[in-house]
Amino acid sequence: MEGTKPVNKKLAAALSGGAVLVLALSGCSSSGADDKKNDALDTWAKQVCDGVQPQAKKIEAANAAIQKETSDNSSPADVQKTDAQAFQDMSDAYKAIGAAVSKAGAPDVDNGQKKQQDAVKELNDLGASYAALKQQVDKLTTKDQAKFADGLKDIATQLDKLSKSGSDALKNLEEGDVGQAMAKQPSCKSASATASAPASASPANG
C-alpha cells in the first residue's frame, strides 16, 4: 500500500496550506489601542468570532484526519473515505463561516457592506471548491492502485492551487478597526490558536 502514501502526503501538505484561510478571519491582528469607541463594532466582531470558532475546529479536525492517513499504511478505500469526509467537513465549515459573516451584517467601517459581501462570496466559493473536491474523491477507483494514486495527485494539485489562491476579501474585511475588534474577542483568539498549527506546514512543491 506504499503507492498512495507519498501522494497523500502531498495532499496533506497542500491541505494544511488551506488552514491559513481560517486565520484571515480569526482575529489574529494586533489589537493596537484598546479603546471602546465602537461598541457596535465589538458586538459585530463577537458575533462573527463566535461563529468562526467551532468551524475552525472542524477544519483543524479535517486537516488532522488527512494528516493521519499519511502516517498509516491505509488502503485506497480508507484514504478515499477519510479524504472525502474531510473535504465535506471543510466545505460545510467554510459555508458556515460565510453564513456567520452574512448574519452579522456589514461592520460599521468604510465600505463595510462591500467588504462583508466580498468575504461571504469568497467563503461560499471556498465551500463549493471543497465540495467539488469531495465529489472528485468519491469518483476515484480504489481497485487500481496506480490510477488511484494518479487521481489523488490531481486532487493534490488542485488543492495546492486552492490553498494559494489567497483570501484577499477576508483580509480586506478584517483590516483596521475590524481586526482590532476581532483581536479582542476570546473566541477569535481561540480560533487563531486552533488553526495556526496545521497552517504552519509548507505546501508541497512539484
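The structure this text deals with has already been given above.
Residues numbered from 1 in each chain as written. Predicted model: local features only at pLDDT ≥ 70, side-chain atom pairs only at ≥ 80, totals over all residues. Heavy atoms only, no water.

K.L.:
How do you make sense of the overall build of the protein when you look at a structure like this?
P.N.:
Summing up its helical and strand segments, the protein has nine helices and zero strands in all. Ordered by position from the N terminus, the helices and strands of the protein form the series α-α-α-α-α-α-α-α-α. Here the protein holds 206 residues, and the buried ones make up 49% of them. Counting contacts in the protein only where the partners sit at least 6 residues apart, residues at least 24 apart contribute 88% of the total. (Helix = DSSP H or I, 4+ residues; strand = E, 2+ residues; numbered from the N terminus. Buried < 20%, exposed > 50% of the residue type's maximum accessible area, 1.4 Å probe, protein only. Contact = heavy atoms within 4.5 Å.)

K.L.:
Would you explain the packing of helix α5 (residues 112-139) against helix α6 (residues 145-164) in this entry?
P.N.:
Two packed helices can be described by the angle between their axes and the distance between those axes. Axis separation between α5 and α6 bottoms out at 11 Å; the angle between their running directions is 175°. With respect to α6, the axis of α5 lies roughly antiparallel. Taken together, the residues of α6 that come into contact with α5 (itself represented by Leu126, Ser129, Tyr130, Leu133, Gln136 and Val137) are Asp154, Ile155, Gln158, Leu159 and Leu162. Residue composition of the contact of α5 with α6, grouped by class: seven nonpolar, three polar and one charged. (Axes fitted to C-alpha atoms, helices over the stretch in contact; angles between N-to-C directions. Parallel < 35°, antiparallel > 145°, perpendicular 65-115°, else oblique. Nonpolar A, V, L, I, M, F, W, Y, C, P; charged D, E, K, R; others polar.)

K.L.:
Can you walk me through the state of the cysteines in this structure?
P.N.:
Where two cysteines share a covalent bond between their sulfur atoms, that bond is called a disulfide. Scanning the entire structure with this criterion turns up one disulfide. Cys49 shares a disulfide with Cys188; S-S distance 1.9 Å. Note on the Cys49 and Cys188 pair: the S-S dihedral is about -85°, so by sign convention the disulfide is left-handed. You can see Cys49 sitting in helix α3 (residues 39-71) and its partner Cys188 sitting in helix α9 (residues 186-199), a full 139 residues away along the chain. (Disulfide = S-S within 2.5 Å.)

K.L.:
Would you take a moment to explain the environment of Val109 for this structure?
P.N.:
Along the chain, the position of Val109 falls in the loop between α4 (76-104) and α5. By relative accessible area, which is 24% here, Val109 ends up partly exposed. With 69 residues separating them in the primary sequence, Val109 and Val178 have C-alpha atoms 7.7 Å apart. If sequence neighbours within four positions are ignored, Val109 has contacts with Leu41, Asp177 and Val178.

K.L.:
Would you take a moment to explain the pattern of salt bridges for this structure?
P.N.:
Two side chains bearing opposite charge may form a pair once their charged atoms approach each other closely. In this structure the tally under the stated criterion is six salt bridges. For Lys46, the salt bridge goes to Asp50, with nearest N and O atoms at 2.7 Å. Residue Lys46 and its partner Asp50 are both found in helix α3; the two are separated by four residues, about one turn of the helix. On the basis of relative accessibility, which here comes to 43%, the residue Lys46 falls in the partly exposed class. (Salt bridge = Lys/Arg side-chain N within 4 Å of Asp/Glu carboxyl O.)

Structural measurements only, silent on function.
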